[in-house]
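Residue-level listing of the chains:
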Amino acid sequence: MSEKINIKLKINGVFVTLEVLAHQNLLRALRDNYYWDVKCGCEVGECGTCTVLLDGQAVKSCTVLAAACDGHEIWTDKGLGLSTKLTARIQDAFVECGSVQCGFCTPGMVVAATDYLKNGGKPDRTAIREAISGNLCRCTGYVKIVDAIYKVAKDIEEGLL
Ligand code: FES
Ligand code: FES
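All values derive from a computational prediction rather than experimental measurement. (Residues numbered from 1 in each chain as written. Chains lettered and ligands numbered in written order. Predicted model: local features only at pLDDT ≥ 70, side-chain atom pairs only at ≥ 80, totals over all residues. Heavy atoms only, no water.)

Chemist: Even after reading the chapter, I still don't get the sheet that holds strand β4 (residues 57-60), so can you show me in this structure?
Modeler: Remark on secondary structure: sheet strands pair via backbone hydrogen bonds, oriented parallel or antiparallel. Ordered in space as β2-β1-β5-β3-β4, the 5 strands form an open sheet in which the pairing is mixed. The open sheet has two free edges, formed respectively by β2 (14-21) and β4, since each of these has just one partner strand. Averaged over all neighbouring strand pairs, the angle between strand axes comes to 45°, with direction disregarded. As paired strands, strand β1 (residues 4-11) and β2 are joined by 8 bridges and run antiparallel to one another. Among the inter-strand pairings, K4 is bridged to a residue of β2, identified as L21. Those strands touched by helix α4 (residues 106-118) are β3 (51-54) and β4, and its axis lies near 40° from that of β3. (Pairing = 2+ DSSP bridges. Helix = DSSP H or I, 4+ residues; strand = E, 2+ residues; numbered from the N terminus. Axes fitted to C-alpha atoms, helices over the stretch in contact; angles between N-to-C directions. Contact = heavy atoms within 4.5 Å.)

Okay, structure coming up:
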């Protein structure tokens, strides 16, 4: 039986204490605590659907030990969408551009796009493709995903956001 430990985190702006297994990854810890917008795909760092912001940086939560996040801040796609204009705009753009097929990759894509745009990402299709290169879409809808991120980058460039 694996040891259980308590960790304190700030998740989506709220301070919480989670009981996690010592060996558990952050993805499992989040999903075990009802953060179901964080999707579980490969669980080996390949697909990116589990991407969250950890202290403001996009990380694949399956590659991070939950215990190592004690005292740190996490934002998920849902929390970002409810709390930040940028992510809400990205989510809207995904809908407007038809970027969601089955939707399994979408939360991770939105978090990766948030990371790109909040760090000054430009409306540059090559750079956008690079920014989401760690996120796989099994429906292969990449063109429309890039279109959505491009659209928001353009809005930012034109001072509309
Ligand atoms: S579930 Fe984490 S990268 Fe695939
Ligand atoms: S929309 Fe289905 S995996 Fe991307």
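Chemist: Which parts of the structure should I look at to understand the pairing of β3?
Modeler: Each regular strand carries side chains that alternate between the two faces of the sheet. In β3, alternate side chains face the same way, and those of T51 and L53 on one face and V52 and L54 on the other are all buried. As paired strands, β3 and β4 are joined by 4 bridges and run antiparallel to one another. If you follow T51 over to β4, its bridge partner there is K60. The antiparallel hairpin formed by β3 and β4 contains 2 residues in its connecting segment, where D55 sits at a positive phi of about 50°. Two elements, β3 and strand β5 (residues 73-75), share 2 bridges in a ladder whose sense is antiparallel. Note on β5: the bridge partner recorded for L54 is I74. (Buried < 20%, exposed > 50% of the residue type's maximum accessible area, 1.4 Å probe, protein only.)

Honestly, it's all geometry; don't read function into it.
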